[in-house]
Amino acid sequence: AMSASPALEPAMQTAARAVADAAEAARSVANTLSEKMGEGTLGKADTSPVTVGDFAVQAVVCKRLMEAFPDDGVIAEECADELRKPESEKLLGLVVDAVRVVEPAATGTDVCDWIDRGSLREHRDRYWTLDPIDGTKGFLRRQQYALCLALVCRGEPVAAALACPNLPPSLEGKGSE
């Protein structure tokens, strides 16, 4: 196993908690929306399927990072501009439902603000980078997908956490040495 320097311990713990909580939100989306998954998919300029899960995961992870490291920037995929539009009210409602699995008091405004914490674009010496749902097809089919989070310092990834919500329990822990 990779041993982190003691200085990185808080970052490792925060990253692990952030993706674990976000995985709960993603799992709830998969379980509740899989029947009607088409509704919660937004057309994006690059046509990649964007799901309620993407927004919910980014909101939860950014909230957890913000609580622990308020000064850290986050580079993630989504911004909440679409979700703030009146015509996206239904989509935002679905995202808020998912986030409330782990943040019961979350409001639509909270969720949009947390998502927008992931909109860092300028260079910094220290920042987090998030791929909310890596493997959207797997997510939509309720197969394999991952939540990927890393802390980058001076161009080097120094801490990371990965959650694979649909990994069979028999595989958990294997290959992590």
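Conventions we followed
Residues numbered from 1 in each chain as written. Predicted model: local features only at pLDDT ≥ 70, side-chain atom pairs only at ≥ 80, totals over all residues. Heavy atoms only, no water. Helix = DSSP H or I, 4+ residues; strand = E, 2+ residues; numbered from the N terminus. Buried < 20%, exposed > 50% of the residue type's maximum accessible area, 1.4 Å probe, protein only. Contact = heavy atoms within 4.5 Å. Areas by Shrake-Rupley, 256 points an atom, 1.4 Å probe, with all protein chains shown as cover. Axes fitted to C-alpha atoms, helices over the stretch in contact; angles between N-to-C directions. Parallel < 35°, antiparallel > 145°, perpendicular 65-115°, else oblique. Left-handed = near helix turned anticlockwise from the far one by under 90°. Phe/Tyr/Trp six-rings, centres within 6.5 Å; stacked < 30°, edge-to-face > 60°. Lys NZ or Arg CZ within 6 Å of the ring centre and 35° of its normal. Salt bridge = Lys/Arg side-chain N within 4 Å of Asp/Glu carboxyl O. Core = buried A, V, L, I, M, F, W, Y, C linked by side-chain atoms within 4.5 Å. Nonpolar A, V, L, I, M, F, W, Y, C, P; charged D, E, K, R; others polar.

Undergrad: Before we go on, may I ask you to explain the overall build of the protein in this structure?
TA: For the protein, the count of helices and strands is six helices and six strands. From first element to last, N terminus to C terminus, the protein shows the α and β order α-β-β-α-β-α-α-α-β-α-β-β. Evaluated residue by residue, the protein yields a buried proportion of 45% over its 177 residues. Taking all contacts inside the protein whose residues are at least 6 apart in sequence as the whole, residues at least 24 apart take part in 66%. Counting only carbon and sulfur atoms, one obtains 53% of the accessible surface of the protein, whose full area is about 9,200 Å².

Undergrad: Can you help me understand unusual backbone geometry in this one?
TA: Glycine aside, a negative phi is what most residues show, and trans is what most peptide bonds show. Positive phi is not limited to glycine here, since R154 has a value of about 45°. Here R154 is to be found in the loop between β5 (146-153) and β6 (156-163).

Undergrad: Please explain the packing of helix α2 (residues 52-68) against helix α4 (residues 89-99) as it appears in this structure.
TA: Two packed helices can be described by the angle between their axes and the distance between those axes. At their nearest, the axes of α2 and α4 sit 9 Å apart, and the two run at 50° to each other. By the criterion of interaxial angle, the relationship of α2 to α4 is oblique. As for the relative orientation of α2 and α4, their crossing is right-handed in sense. When α2 is examined against α4, the residues V52, F55, A56, A59 and V60 are found in contact with a partner set consisting of L91, L94, V95, A98 and V99.

Undergrad: What's the story with the packing of aromatic side chains in this structure? I'm lost.
TA: Ring pairs (aromatic) are described by centroid distance and by the angle formed between their planes. Counted by the stated rule, this structure contains two aromatic pairs. With 4.8 Å between their ring centres and 85° between their planes, F139 and Y145 make a pair best called edge-to-face. A relative accessible area of 3% places Y145 in the buried class. Sitting over the face of the ring of F69, R126 holds its NZ or CZ atom 5.0 Å from the ring centroid.

Undergrad: Where do I start with the pattern of salt bridges in this structure?
TA: Within the structure shown, the criterion is met by 11 salt bridges. When the shortest N-O distance is used, the salt bridge between R64 and D21 registers 2.6 Å. With a gap of 43 residues between them, R64 in helix α2 and D21 in helix α1 (residues 9-33) connect regions that are remote in the sequence. The pair formed by R64 and D21 is uniform in burial state, with each residue classed as buried. We note a salt bridge from E122 to R124, for which the minimum N-O separation is 3.8 Å. Using a relative accessible area of 47% as the deciding quantity, one classes E122 as partly exposed. Beyond isolated ion pairs, a larger network of salt bridges with shared partners links D21, K63, R64, E67 and E103.

Undergrad: Sorry, what's going on with the nonpolar core here?
TA: Ranked by size, the top nonpolar core spans 50 residues in total, and within it V61, L83, V95, V99, V111, W128 and L149 carry the most contacts. Only α1, α2, α4, α5 (108-116), β4 (126-134), β5 and β6 provide two or more residues apiece to this core. Sequence-distant contacts of V95, defined by excluding residues within four places in its chain, comprise V52, F55, A56, L83 and V111.

Undergrad: Help me understand the packing of α4 against α5, please; the structure alone is not making it clear to me.
TA: Look at α4 against α5: their axes get within 9 Å of each other, and the N-to-C directions meet at 85°. Between α4 and α5, the crossing angle belongs to the class labelled roughly perpendicular. Where α4 approaches α5, its residues L92, V95, V96 and V99 are matched on the opposing element by G108, V111, C112 and W114. In the contact of α4 with α5, the residues fall into seven nonpolar, one polar and no charged.

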